[in-house]
Structures are given as structure tokens and as C-alpha cells.
Amino acid sequence: MNIAVKSPTPPAVSANVKSWLAKPKKLLIGGEWVEARSGKTFAVEDPATREIIAQVAEGDAADIDRAVVSARKAFESGPWHRMLPAERAELVWRLGDLLAKYGDELAEIETLDNGKPITHARAVDVEGSAGMFRYMSGWATRLTGETIPVSSPGNWFAYTVREPVGVVGQIIPWNFPLMMAAWKLAPALSAGCTIVLKPAEQTPLTALRLGELIMEAGFPAGVVNIVTGFGETAGAHLAKHPDVDKIAFTGSTEVGKMIVASAAGNLKKVSLELGGKSPAIVFPDADLDTTVAGTASAIFFNMGQCCTAGSRLFAHKKVFDKIVAGLTSEAGKLHLGHGLNRETTLGPLVSEEQHRRVTGYIETGRKEGAEVVVGGSAVGNRGHFVAPTVLAKTNRDMTVVREEIFGPVVCVQPFEEDDLDNIARFANDTEYGLAASIWTQNLTRAHSLARMIKAGTVWINTHNWGDAALPFGGYKQSGWGREMGKEVMELYTETKSIGARLV
Ligand code: NAI
Ligand code: MG
């Protein structure tokens, strides 16, 4: 099958985004937009055309220091410190409304920066981010403690209160730039923390537009500080900073381990959302159309750059050939192109580095004996496009089955057994534990297997689905802690026990 980039040329960028891109892109520190101390900037490219679309301030250690001072001041004194929970809730809700109000513009910026299809950016990234702020705003007024019935002799009144953890450093990746900022900022703000956010160097733009909306919403100066810059400089300095109380990170497992080591200096709290190698397990009784469309989307959505991507597909041998044929046909139907073209369903990978990594994995797969059923190569001559790829004849020892590829590449394997223990064993045969999907119409099988899988999320007859109210995070090397839902508030609060002797 010949897979080509069908619409590489973008339509014109809207006038307001064009003029926004041309403006200087500075750091948000203490409520002011400031240049990096070094005066340096770095270029941001459109991954579909490789053209430079903006220059952004390159913050480093000196700027992180300034941002932490400003976040500390906002936390310890000033209006944020005195604000009522309902006032915080109102601000967080208002920010969600502003995201919805400027949704078209945010989606356009996200597509230009990350490459993803504009229809997905609008419906998933922007709507999901607005919804996250609105959902999380409710927790500001619901952070209750408990009264505790103690058994010590005497007359006691004992209770707990929940308090914000303090100054939080948040380091986010490039696959869902705006949404990752929302997942991190929304609960931290509702809890009453102050923040230094470090966006990914590949995709800093929507975080900067979000910074403007944070000021428009009326958050006090210094509550949210945004320092764009590189991981090895700005990110590393934030992770080891002695005056940061907590660090929240989403990205590679490799850097996650470095964050843990850096956090040891002042024993700051750490939460991590890392890589995955999630299985999709298909039983013979699964609805074929739903399963083919669902398992294709599990790996091709967002060009496979999802921590939850269904990158190991196990199909029972009775349906294996049909599933592989279905996936191949779905791959052929994808419209590769510039994300701003509304018919595009598969954009480029985010960067040259990611393109090199993914095509390198495909080559390694071939060398290790995998059969390329469809795709298997770079496409086009301008952007970082990779064809949607299905690799068959794969097994547990292959690099492509063991390591996270983070591209539109699925490894398919047939299975024969019906014993759920054995099925759980191969599904769990990974150092990761982020997600899994089970495709069957048999309720007992679905829910029994769901309990046997070592992963933070298990889907039944769907994949890559989530909700602001549903906790999300990883077992094993997929991370520490849970984001979203009620559980995320644990990450941004401390519990204080108060014991009063009633004399
Ligand atoms: P990365 O982990 O290097 O980057 C993620 C964030 O961490 C970025 O903001 C980056 O600037 C920052 N960072 C990098 N080095 C740092 C350091 N030493 N200290 C503090 N912060 C640092 O991920 P990268 O290199 O962009 O992608 C590599 C692989 O990581 C991908 O192929 C994929 O497998 C995985 N990944 C997983 C993501 C997820 O959602 N769990 C998101 C992005 C990447
Ligand atoms: Mg890296």
C-alpha cells in the first residue's frame, strides 16, 4: 500500500494567530512578561513544514531562581494567601471559560506547534483543558479534613486539615502541550499552591497563551510563573531547587528517574507520569468493527505520541487475521497532512529527534525479524511524517515490543490460550503499567481480566478514553501518584493533624 502525505501545504494562518506569533515570547514571572536573564531565545518550528514560526525566551537556572522567588512570595503573603476557597474556585472556573472562549485560536496555535490535526486539537486538547479547569475548580471548596475519634485517655479533640503543599514545579511534555498544562495547573491552583511551570522546548506556545489568559482571568501576580527553556537547564534546575516543595513531571521514564534523584536534595514531594507499553487484548467474540476502529485509534491517535498508546496488540488466533487486515485498512484510510487542513487525521511527529527515534525503532524491528505489514517508513520530504505502521511476527524479546516507541507503530501478536491467568501474564510482561484495553462482549471475562492487569487504567471496548473525574496514573515504571479525579488533590495537599487537650 502506498501511503503518501496527501495535503502537505497548510491553509493560511488566521490573522490574529499570525500577529500573536510575531510578538516577542517572554517568560511570565511575578505577573510580568520578562526576557530571559541571558537575553537568549530559541526557535519554534512547525513540524509539518519545518519552518520557524516563533522565537521564545530561553529561560535557564537564573530565571528559574527568579520564578521560584516570585512563587514563594505569592504563596507566603499577598492576595492568594488570603483568598477564600470560593474565590479560588471562581478564578479556576473563569480560566476554563477563557479557554473555551479562545478555543479556535488555541487549537490553531497547538496544531502549528505540535503538528496534530486541528479537529483533534479543538475537540480533545482545548475542550479537555477547559473541562479540566472547570472540574478542578470544584475541589477548592471541598478539601475537607476529618474529626478523628482517638482512644488516648483524657479529653481530646482531634481533627485533620488539608493544606496546600506550597511552591510546585511542573515539567510537562510536548504530546498534549495545553492539556498537560491544564492537568497540572488546575488541581494545584484549586489546592492553593503557587507554581513554576516549565513547558517542553518543542511546544512552548499554548502555555504562553495560557499565561496571558491566567493574567486576564485575574490570578494574583506570582501564582503561576511560566519559564520556557530546555530540560537539561531550566527543567533540571527546577527539579533540584531547594525552595520548591513538590515537583510534578510528565515525560520519559529516563528523565523521571533523574527527577527522583534531583528531588532527594530537599526531599521535595514527587509525582510522575511516565512511559507506557499498553496492551490491547482482543477476544474472538469482540465486535469486529468497534474493535478494528478502536485498536487503530489506540495507536494512531496523536500519531501514536500518547503515553497510553495501545502499542502491543494481542488478538486471539481465531480473529487475528481479520484484525490485522482491519488495522491495515484503517492505516490506509488515514489522511496524512498538515494539521491545519481539516481533513487531516494524521499529522507529523513533533520533531526531527522523535522522527529519528521512531524510524530507528522500525529499522530495529525489521532487523530483529518483524514483518512490516503496512507502513514502515518516513513519508514526504518536508515534515516529520511517518507512515502508520503495523509490525507482525513480533515477540516478547524484541526491542519494539519491550520499549516505548511513541509513534504510530503497533506490534501485533496472536494468542491461542483461553486461560485468563496466561493472558494476564503476557499483558503484564512489561516494565510499564499505565493502561490496557480489553475487547470482548463477555462481561465476566472483561471484568475478571481487568482486575488481573497491572495498570493504572483498564478500558473495556475502548482505548484512550478519560474523564477529569477519573484518576489516571501508572503502576510499575509508568509513574508515581494519580492525576485527575479526587485523587490528584493528594498530590497538592499536605494533611495536618491537630490534637487539642480539652482541659
Ligand atoms: P523528556 O522526558 O526528555 O521531556 C519531557 C519534559 O522533561 C520536557 O519539558 C523536557 O524539557 C523536560 N526535561 C528533559 N530533561 C530534563 C531533565 N534532565 N531535568 C528536568 N526536566 C527535563 O522526553 P523527550 O526526550 O521529549 O521524549 C523522549 C521519550 O519520552 C519519548 O519518545 C517518549 O517515549 C517519552 N515521553 C513520554 C511522554 C508521556 O506522556 N509520558 C511525553 C513525552 C515523551
Ligand atoms: Mg529528552
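Okay, so let's go over this structure. This structure is a prediction, so every number in the text was calculated from the model and none was measured. (Residues numbered from 1 in each chain as written. Chains lettered and ligands numbered in written order. Predicted model: local features only at pLDDT ≥ 70, side-chain atom pairs only at ≥ 80, totals over all residues. Heavy atoms only, no water.)

Turning our eyes to something else, we now look at the overall build of the protein chain. Within the protein chain one finds 17 helices and 26 strands. Its C-alpha atoms give the protein chain a radius of gyration of 23 Å, near enough to 23 Å, the size a compact globule of 503 residues would have. The 503 residues of the protein chain split such that 57% are buried. Considering only intrachain contacts with a sequence separation of at least 6, the fraction spanning at least 24 residues in the protein chain is 75%. (Helix = DSSP H or I, 4+ residues; strand = E, 2+ residues; numbered from the N terminus. Rg over C-alpha atoms; globule rule 2.2 N^0.38 Å. Buried < 20%, exposed > 50% of the residue type's maximum accessible area, 1.4 Å probe, protein only. Contact = heavy atoms within 4.5 Å.)

Here the focus is the nonpolar core. Burial of nonpolar side chains together is a common tendency in soluble globular proteins. Membership of the largest hydrophobic core comes to 122 residues, with the highest contact counts inside it found for Phe133, Leu185, Leu189 and Phe219. For this core, the element with the most residues is helix 7 (residues 177-191), which contributes eleven residues. Counting residues in each nonpolar core, the second largest holds 25 residues, with Ile29, Ile64, Ile171 and Ala234 among its members. (Core = buried A, V, L, I, M, F, W, Y, C linked by side-chain atoms within 4.5 Å.)

This part takes up unusual backbone geometry. Most peptide bonds are trans, and most residues other than glycine sit at a negative phi. Non-glycine residue Asn461 carries a positive phi angle of around 60 degrees. Within the fold, Asn461 resides in the loop between strand 22 (457-460) and strand 23 (472-473). Assessed through its relative accessible area of 33%, Asn461 is described here as partly exposed. Its identity as a non-glycine residue notwithstanding, Lys476 has a phi of 45 degrees, on the positive side. Position of Lys476 among the secondary structure elements: in the loop between strand 23 and strand 24 (479-480). What makes Lys476 partly exposed here is its relative accessible area of 37%.

The local shell around ligand 1 holds 27 residues, among which Trp174, Lys198, Glu201, Ser252 and Glu404 are the closest. Between ligand 1 and Glu201 there is a distance of 2.5 Å, counted from an oxygen atom to a side-chain nitrogen or oxygen. With respect to ligand 1, the side chain of Gln354 contributes an N or O atom lying 3.1 Å from an oxygen atom. Residue assignment for the shell around ligand 1 shows that the elements contributing at least two residues are helix 9 (231-240), strand 11 (246-250), helix 10 (253-263) and helix 13 (352-367). Partitioning the shell around ligand 1 into residue classes produces 14 nonpolar, eight polar and five charged. (Near = heavy atom within 4 Å. Polar contact = N/O pair within 3.5 Å; in protein donor to acceptor, adjacent residues only side chain to side chain. Nonpolar A, V, L, I, M, F, W, Y, C, P; charged D, E, K, R; others polar.)

In total, this model carries 27 salt bridges according to the counting rule given. As a salt-bridge pair, Lys184 and Glu483 come within 2.7 Å of each other at their nearest N and O atoms. Pair noted here: Lys184 is in helix 7 and Glu483 is in strand 25 (residues 482-483), with a separation of 299 residues, a long-range link. Taken as a pair, Lys184 and Glu483 share a single burial class, namely buried. Residue Arg396 is joined to Asp429 by a salt bridge in which the shortest nitrogen-to-oxygen separation is 2.6 Å. Placement of the pair is Arg396 in the loop between strand 19 (389-392) and helix 14 (399-402) and Asp429 in the loop between helix 15 (420-427) and strand 21 (435-439), with a sequence separation of 33 residues. (Salt bridge = Lys/Arg side-chain N within 4 Å of Asp/Glu carboxyl O.)

The antiparallel open sheet is built from three strands, whose spatial order is 6-7-26. Two strands close off the open sheet at either side, each with one partner strand: strand 6 (147-148) and strand 26 (493-501). (Pairing = 2+ DSSP bridges.)

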